[in-house]
Amino acid sequence: MIKVGIIGAGGISQVAHIPNLQKIEDVKVEAICDINQEKLNFVADKFNIPKKFIDWEKMVEENLDAVVICSPNSYHAIQSIKAMESGKHVLCEKPICLTVEEAEEIFKTVEKTKRVFMGAFPRRFLGETIVLKKLVNDGFFGEVYYLKASYLRRRGIPGLGTWFTSKKLAGGGPMIDVGVHMIDMVLYIANLTEPKIVFGATFEKFKDKAIDGGWPPIDTRQGDKPTGKMEVEDLATGFVKFSNGAVLFVEASWAGNSEVGLKSSLFGTKAGAQLPDPVDSKNPIRIYTETNGVISDIIPEIPKVDAYFDEVKHFIECIKGEKEPITKKQEIISVVKIIEGIYKSAETNSPVIY
Ligand SMILES: NC(=O)c1ccc[n+]([C@@H]2O[C@H](COP(=O)([O-])OP(=O)(O)OC[C@H]3O[C@@H](n4cnc5c(N)ncnc54)[C@H](O)[C@@H]3O)[C@@H](O)[C@H]2O)c1
């Protein structure tokens, strides 16, 4: 039996990780930790979790095999490091951490402790991602040289007034919250790492008109006290040049007068692809190519998956030694570099060169 403890009993734990872990036969969610006593009690009762902790440092010393980190972003690095030092394998929620320095510390600890460390990027398990990555690896797209990634909301600030909108606890707004999903997904599909030049800009245009965006789900907010202010950007955009010459354009917003949704594209020398919003089932992936000299489009069949379940299943398989973590050190460091670079560049009005 693999015994798992969860740090952070909020939206993602209640909606995805706890119920999904409890579906796996030889896994037991043994412990749960949250600084919010009301939520802690509710979640422990609802999911029948025997051990409860207010203090995460006490929980990681318990007799557990693994810890799943679902706390505010600024705690991820220290909690991952302490958990691995206490002998636990770690599944850590995106954005993994706030700085490249923290990411490097995490991987030094992985090397020292030989624990499994996996970043939670569920979009890697989507059917769209699986299909496109296979085609990239098979050489179907040729050289992938330009990527676009976009995650836009019209009015939708998560947890307005909670840690989500605190610069110190979240590290930033939509770019670190949801832009990170898109950056990781397109880099993973295209096998791209090593960002060299990052240029970014952020905007704070909706501070007075901020509207809570429905995440975390209302029925997972037991005892939350949203007393903070909107301290982060509502839109961020970035332009990244990689060591091999490829370029990424990324944009992420929680509020704006714009179209909405998740979109991405890759441009390759032999073919290109567009991934529209996966919730739009009538609008599947479109591949732009040439067949025998004729410009043509391909609409591939996309496998049906349960990405959040497949993510925790993969983590458990890594603990059992059956798989390697899907997220590699260089990939995570590249994603963190891009986000850190966008914020630094926005602050300094100059490009960040790595
Ligand atoms: N992979 C995804 O699709 C996805 C989706 C949503 C959130 N997330 C990530 O998961 C994490 C949690 O997000 P959420 O939406 O569940 O937020 P949430 O606010 O619903 O839950 C976070 C919980 O952490 C608790 N907490 C705060 N400080 C703590 C501490 N020091 N120790 C223990 N618990 C503490 C809070 O009281 C809260 O209950 C974030 O890093 C977020 O980026 C990932």
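Note that the structure is a prediction, hence the values are computed from the model and not measured.

**Student:** Tell me what's going on with the packing of helix α8 (residues 174-190) against helix α10 (residues 329-348), and back it up with residues and numbers.
**Tutor:** Contact pair α8 / α10: the axes reach a minimum separation of 10 Å and the direction vectors enclose 135°. Taken together, the axes of α8 and α10 are oblique relative to one another. The two elements α8 and α10 cross, and the hand of that crossing is right-handed. Contacts from M175, I176, V180, I183, D184, L187 and Y188 in α8 reach E331, S334, V335, I338, I339 and I342 in α10. Class assignment of the residues belonging to the contact of α8 with α10 gives a composition of 10 nonpolar, 1 polar and 2 charged.

**Student:** I'd like to hear about the packing of helix α6 (residues 127-137) against α8, residue by residue, with values.
**Tutor:** One way to put it is that α6 packs onto α8 with a least axis distance of 8 Å and a crossing angle of 35°. Residue-level inspection shows T129, L132, K133 and V136 of α6 in contact with α8, the latter providing M185, Y188, I189 and A190.

**Student:** How would you sum up the site of the ligand? Please name residues and give values.
**Tutor:** Around the ligand lies a shell of 27 residues, among which G8, G10, G11, E93 and P216 are the nearest. The element contributing the most residues to the shell around the ligand is helix α1 (residues 11-21), with 3 residues. Across the shell around the ligand, the residue classes break down as 12 nonpolar, 10 polar and 5 charged. Split by domain, the shell around the ligand shows at least three residues from each of two domains, domain 1 (2-120) and domain 2 (124-308 + 335-353).

**Student:** Describe helix α2 (residues 37-47), with residues and values.
**Tutor:** Within α2 the residues assigned to the buried category are K39, L40 and V43. Along α2, the residues classed as buried sweep out an arc of 100° about the axis, all on the same side. Of the exposed residues in α2, the ones pointing more than 90 degrees away from its buried face are Q37, E38 and D45. Where α2 is buried, its residues touch α1, β2 (27-33) and β3 (51-53). Looking at the residues trailing α2, positive phi occurs at N48, about 60°.

**Student:** Residue-level account of the sheet that holds strand β9 (residues 235-242), with values.
**Tutor:** Ordered by their spatial adjacency, 9 strands build an open sheet running β14-β13-β12-β11-β7-β10-β9-β8-β15, and the pairing between neighbours is mixed. A single partner strand is all that each edge strand has here, and the edge strands are β14 (294-298) and β15 (352-353). Judged from the 7 bridges that link them, β9 and strand β10 (residues 247-253) form a sheet pairing that is antiparallel. Among the inter-strand pairings, T237 is bridged to a residue of β10, identified as E251. Running over the sheet, α8 touches β7 (144-152), β9, β10 and β11 (261-268) and is turned about 150° from β7.

Conventions used here
- Residues numbered from 1 in each chain as written.
- Predicted model: local features only at pLDDT ≥ 70, side-chain atom pairs only at ≥ 80, totals over all residues.
- Axes fitted to C-alpha atoms, helices over the stretch in contact; angles between N-to-C directions.
- Helix = DSSP H or I, 4+ residues; strand = E, 2+ residues; numbered from the N terminus.
- Parallel < 35°, antiparallel > 145°, perpendicular 65-115°, else oblique.
- Left-handed = near helix turned anticlockwise from the far one by under 90°.
- Contact = placed C-beta atoms within 7 Å.
- Nonpolar A, V, L, I, M, F, W, Y, C, P; charged D, E, K, R; others polar.
- Near = placed C-beta within 6 Å.
- Domains from an automatic or database assignment.
- Buried ≥ 20, exposed ≤ 12 C-beta atoms within 10 Å, placed from the backbone.
- Arc of directions from axis to C-beta.
- Pairing = 2+ DSSP bridges.

Everything listed here is a matter of coordinates, which is why it stays silent on function.
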